[in-house]
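Fold and contact review
Take a look at the letters that make up each chain.
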Amino acid sequence: ILFVIVLWRMRHLKELCVFVFLCLHLTKAQIRYSIQEELKTGSLVGNIAQDLGLDLKRLRSGRARIVTGENIQYTQLHADKGTLIVNERIDREQLCGDVTPCSFTFEILLENPMELHPVTIEVLDVNDNAPTFQNNHLEFEISESAALGSRFVLESADDADVGQNDLQNYVLTSNEYFVLKQHVNPDGSKYAEMVLQKSLDREEQPRLSLKLLAVDGGNPQKSGTVNIAIIILDINDNAPVESATTGARFSLTSADDADVEINGLKEYVLTENDHFVLQQHSDADGKKYAEMVLQKQLDREKTPNLSFKLIAVDGGVPQKSGTVIIDVTVLDANDNAPVFNQSVYKATVMENAPKETYVITVKAIDADYGANNIITYYFSDRNSPLADLFRITDSGAIYIKGDVDYEKVKKYELRIDAKDQGGLTDSSKVIIEVTDVNDNAPDISVMSFTSPVSEDSPPGTTIGIINVKDLDSGDNGQVSCKIEQNAPFKIKSNLRNYYTLVTDSVLDREIVSEYNITVVATDGGIPPLSAKKTFSLKVSDVNDNAPVFPQSLYSAFLPENNSPGVSVLTLIAKDPDENQNARVSYIVEDSSIGGSPISQYVSVNVETGVIQAVRSFDYEQIKELIFVVKAQDGGSPPLSSNVTVKILIQDQNDNPPQVLYPVQTGGSVVAEMVPRSAEVGYLVTKVVAVDVDSGQNAWLSYKLQKATDRALFEVGLQNGEIRTIRQVTDKDAVKQRLTVIVEDNGQPSRSATVIVNVAVADSFPEVLSEFTDSTHDKEYNDNLTFYLVLALAVVSFLFITCLVVIISVKIYRWRQSRILYHSSLPVIPYYPPRYSDTLGTGTLQHVYNYEVCRTTDSRKSDCKFGRAASQNVLVMDPSSTGTMQRMQGEKSILDEPDSPLEVSCPYLTELQKKHANSTLVLLESIDIFKT
């Protein structure tokens with residue numbers, strides 16, 4: 001525990017005392033400051049960072065702030081400086097009233113991690129309020145017969161300040177009739193009474209004016225004043241009443257005596273008593289009479305009746321006398337004030353009691369008689385708000401008039417006056433304590449709440465701080481909190497009225513992503529009242545789940561000869577996380593097949609997981625692909641899982657059967673010999689074929705497609721054996737040619753054909769002569785036919801092409817000549833390169849004709865230059881540009897020794913046509929083919 005007292009003086013004798021009580025306990029600290037009320041806004045309260053032992057970085061990172069359940073925030077926290085300053089004007093009287101000590105409490109809340117530091121500010125009183133009377137004028141009506149010592153209760157002054165600054169005493173202006181007597185109530189409040197010390201006489205002074213001064217104990221002192229007017233009521237103060245003053249005279253009836261002189265009436269004698277004496281007198285004619293003179297104050301309450309004897313005596317001898325009995329009845333005077341039988345009355349009333357509920361009865365007694373004994377009860381402060389809550393009857397019974405609320409006022413103090421008809425009064429105090437009933441449900445205030453919370457938060461993580469208040473007291477204000485549903489959270493209470501909502505176990509967003517937490521606060525009343533507060537808490541995702549494939553092995557079939565890029569299989573991995581943590585990417589793990597990386601065979605779409613074939617596969621080379629695909633999420637760090645993918649290449653019937661035997665050769669003829677003595681079923685040979693395909697695509701069947709003599713041989717469907725089906729005869733030709741077709745069982749089927757030459761002979765020379773003579777002639781005839789057909793086709797194509805070209809050129813030239821002939825515009829000739837005009841200014845001043853001959857047997861050609869044409873003739877043609885360019889191109893080709901034109905060896909013919917004003921040279925090439 002650390003106590004720090006800081007004192008400093010402010011201007012104009014204002015002092016600020018700061019008392020700091022700092023108690024450190026784990027992460028929570030309770031701080032108490034003391035400041036004066038009415039400090040200016042911005043005044044320093046204390047250095048909260050230093051007192052809590054926190055640095056400024058922690059205040060900023062923890063978003064330190066003040067949380068309070070009140071509407072007015074009296075203080076402000078400067079997190080950047082760590083200081084606590086006054087934010088609003090603090091009026092102690094408005095904040096606490098007459099409650100002392102006066103304080104208010106708030107909390108400093110820090111986050112990450114959450115810390116709650118209660119701070120209590122005690123507000124010290126300054127003397128800023130003077131004592132005040134509710135009325136500025138008091139009026140009393142007092143009978144002049146009021147007895148000495150009569151008390152008259154004065155209105156009490158109120159001072160909103162407390163302690164030394166509160167009301168200290170009353171001062172009454174100096175006078176000869178009344179003195180001031182001060183009293184202290186059990187609660188410490190002060191009130192005053194005027195006590196009569198000298199009898200009043202209306203005839204001498206019918207009215208008195210006094211002043212009552214209430215003074216507090218502040219520095220400087222402040223005071224309040226009220227004027228007191230006293231009106232003295234007249235009474236018959238010459239009658240023999242108890243209020244008669246000492247010396248009052250009462251005349252008696254005179255006695256008569258018939259004798260004269262010495263025998264006449266001599267004197268009067270009054271029997272002895274305490275109150276009266278007898279005085280005798282003689283009038284002018286000598287007649288004697290007597291008076292009773294009051295020598296002691298009468299008191300009806302002690303001796304209401306007196307009886308005397310008055311004796312009249314003469315002077316004769318013997319003496320004679322006469323007697324009269326005097327009965328004195330003492331009349332009542334209002335000389336007794338009402339007196340309460342208790343100075344303080346105490347009562348209790350239930351909160352929310354209905355109107356006209358009986359509370360208590362006060363009783364005052366007046367010793368006077370008759371009208372002076374009639375007492376009226378009333379509240380001393382008739383304008384007090386309490387007059388709206390309670391009423392008092394003439395008999396002194398107090399009833400509830402308004403609404404009694406324990407939460408507003410827990411105790412009422414009433415000052416009751418009892419007054420008789422003569423204006424004499426007495427006062428008493430009634431303390432009414434309100435008994436609380438459970439009429440207020442707990443109130444839940446959220447100080448802080450964090451949502452979302454990470455699913456990897458450890459148990460005990462604080463997610464919220466709540467404040468629960470119940471305005472009731474006792475058991476009615478005792479609150480317990482719990483969580484309504486079964487959830488992985490719990491409520492902890494570290495400070496009074498404050499509860500923290502923490503996690504009770506590990507959270508898993510994939511199981512429950514959002515919680516609706518209902519906190520129930522229940523008080524201890526009968527019946528109990530409760531309040532609920534629901535918190536919607538979202539659980540944020542962390543990357544704690546790797547992508548999962550539903551299968552450990554994926555298999556797919558892919559027909560061979562597929563198109564590159566074809567989709568083979570789609571992989572789907574699911575990640576129960578969300579957002580980026582659930583974004584799955586697919587990657588083919590590095591591996592090799594046959595020395596080549598797997599990336600040359602297959603690829604996978606990173607986002608969709610579609611596996612595609614990179615190239616076309618051949619079953620005969622690769623029958624299956626086995627590789628690993630990794631699914632990786634987008635978390636940090638990323639999590640992944642692997643799956644094995646097996647792609648089986650399906651065979652397609654893409655290979656025809658291959659004949660292994662008999663071997664087909666281009667230069668020689670192989671023949672199987674069958675003796676003429678062969679029996680039926682004689683095995684001539686066996687066609688052996690294989691198919692590199694698999695399955696039914698490799699099932700082979702053999703059929704005899706063509707044979708010289710179908711009735712002599714047959715082929716086994718499954719084994720390809722060629723056997724005789726009848727007896728060989730001499731009529732059978734020696735040379736037998738069999739065409740065997742081998743088919744597989746694919747869809748569609750593929751086949752291969754093999755020619756089997758069979759010689760039906762008994763000796764080899766016979767077979768050799770037969771096969772040698774026919775082979776060369778057949779090959780020659782086949783080649784001759786092929787070339788004849790080819791030559792015919794080429795010649796026909798060239799002829800038709802030349803014919804079309806010539807016709808097109810003729811038509812084009814004819815159309816150009818018609819355009820020039822009919823045009824009225826001047827002809828502006830275009831000169832191609834190396835052309836010259838008639839003036840001979842160009843680079844080539846003459847036109848030459850050429851004759852060129854090309855041959856098929858030599859790589860050289862003869863070229864004959866003709867004579868020059870006329871120099872004054874312009875070579876011109878509407879299509880001369882294209883013609884000359886073509887001629888120059890042909891000339892350049894002819895000049896090259898290795899020109900392709902030398903291969904075909906065409907003969908060139910020179911053609912020349914002349915028009916009226918120009919000469920057109922046309923060089924046409926006509927190819928002549930020799931067959």
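With an unreviewed UniProt entry as reference, the protein chain is termed Cadherin domain-containing protein, source organism Nothobranchius furzeri. UniProt lists a comment for the protein chain under the heading Subcellular location (unreviewed entry), and it reads "Cell membrane". Here the protein chain is described in UniProt, under the heading Function (unreviewed entry), as follows: "Potential calcium-dependent cell-adhesion protein. May be involved in the establishment and maintenance of specific neuronal connections in the brain."

A separate point is the overall build of the protein chain. When its secondary structure is counted, the protein chain shows 6 helices and 61 strands. Every one of the 931 residues in the protein chain was classed for burial, and the buried ones make up 39%. Residue pairs in contact within the protein chain that sit at least 24 positions apart in sequence constitute 64% of those at least 6 positions apart.

This part takes up the sheet that holds strand 11 (residues 151-153). With respect to topology, 3 strands assemble into an open sheet ordered 11-14-13, the strand pairing being antiparallel. Looking at the sheet topology across the chains shown, the edges are occupied by strand 11 and strand 13 (178-184). Going across the sheet, the axis of each strand differs from the next one's by a mean of 30°, ignoring polarity. One ladder, built from 7 bridges, connects strand 13 with strand 14 (residues 190-196); its direction is antiparallel. Looking at the pairing, L180 lines up with M194 of strand 14.

A few words on the state of the cysteines. Enumeration according to the criterion identifies 1 disulfide in this entry. One disulfide bridge connects C96 with C102, the sulfur atoms lying 1.9 Å from each other. Measuring the twist about the S-S bond at about 70°, one finds the C96-C102 disulfide to be right-handed. C102 shares its class with C96; the two are buried.

A contiguous nonpolar patch, built from F799, I800, L803, V804, I807 and I811 and spanning about 590 Å² of accessible area, is present on the exposed surface. Relative to the elements of secondary structure, I811 occurs in helix 4 (residues 764-822).

In this fold, R65 is placed in strand 5 (residues 65-67). Along the sequence, R65 and L77 sit 12 residues apart, while their C-alpha atoms lie 6.7 Å from each other. Excluding anything up to four places from it in sequence, R65 contacts L77, E107, I108, L109, E111, M447 and S448.

Ranked by size, the top nonpolar core spans 29 residues in total, and within it L571, I611, F627, V645 and I647 carry the most contacts. For this core, the elements supplying multiple residues, two or more each, are strand 40 (553-559), strand 41 (567-570), strand 42 (584-588), strand 45 (602-604), strand 46 (610-613), strand 47 (624-633) and strand 48 (640-650). If near-sequence neighbours (up to four positions away) are discounted, V645 is found in contact with Y554, L569, L571, I611, L625, I626, F627 and V629.

We now examine the pattern of salt bridges. Taken as a whole and judged by the stated rule, the model has 25 salt bridges. The residue K198 makes a salt bridge to E176 at a minimum N-O spacing of 2.7 Å. With K198 in the loop between strand 14 and strand 15 (207-216) and E176 in the loop between strand 12 (167-172) and strand 13, this residue pair connects regions lying 22 residues apart in the sequence. For K198, a relative accessible area of 35% puts it in the partly exposed group. For E176, a relative accessible area of 43% translates into the label partly exposed. E413 serves as the salt-bridge partner of K411, at 3.8 Å between the closest nitrogen and oxygen. Classification of K411 by relative accessible area gives partly exposed; the value is 43%. Residue classification places E413 among the partly exposed residues on the basis of a relative accessible area of 28%. Through salt bridges that share partners, R509, E510, D541 and E578 make up one connected network.

This part is about the UniProt feature "transmembrane region" (unreviewed entry) in the protein chain. In the numbering adopted here, UniProt assigns the feature "transmembrane region" (unreviewed entry) to residues 784-809. Within residues 784-809, the helical portion is 100% and the strand portion 0%, while the C-alpha atoms at the span's ends are 38 Å from each other.

This next bit is on the packing of aromatic side chains. Scanning the model with the defined rule gives 17 aromatic pairs in all. Both rings, one in F340 and one in Y345, keep their centres 6.4 Å apart while their planes meet at 75°; by these two values the pair is edge-to-face. For the pair F340 and Y345, a shared accessibility class is recorded, and that class is buried. Ring plane angle 65° and centroid distance 5.7 Å describe the contact between Y358 and Y399, whose orientation is recorded as edge-to-face. Taken together, the residues span a long stretch of sequence, with Y358 in strand 25 (residues 358-361) and Y399 in strand 29 (residues 397-400) at a distance of 41 residues.

Spatial ordering of the open sheet is given by 25-29-28, a layout of 3 strands whose pairing is antiparallel. On the outer flanks of this sheet lie strand 25 and strand 28 (390-392), each paired with one strand and no other. When the angles between neighbouring strand axes are averaged without regard to direction, this sheet yields 20°. As defined by bridge partners, strand 28 adjoins strand 29 across 3 bridges and the pair is classed as antiparallel. What sits directly across from F390, in strand 29, is I400.

Cut-offs applied
Residues numbered from 1 in each chain as written. Predicted model: local features only at pLDDT ≥ 70, side-chain atom pairs only at ≥ 80, totals over all residues. Heavy atoms only, no water. UniProt positions renumbered as here; feature names shortened; annotations may be inferred. Helix = DSSP H or I, 4+ residues; strand = E, 2+ residues; numbered from the N terminus. Buried < 20%, exposed > 50% of the residue type's maximum accessible area, 1.4 Å probe, protein only. Contact = heavy atoms within 4.5 Å. Pairing = 2+ DSSP bridges. Axes fitted to C-alpha atoms, helices over the stretch in contact; angles between N-to-C directions. Disulfide = S-S within 2.5 Å. Patch = residues over 30% accessible without salt bridge, like charges linked within 9 Å, V, L, I, M, F, W, Y side chains within 5 Å. Areas by Shrake-Rupley, 256 points an atom, 1.4 Å probe, with all protein chains shown as cover. Salt bridge = Lys/Arg side-chain N within 4 Å of Asp/Glu carboxyl O. Core = buried A, V, L, I, M, F, W, Y, C linked by side-chain atoms within 4.5 Å. Phe/Tyr/Trp six-rings, centres within 6.5 Å; stacked < 30°, edge-to-face > 60°.

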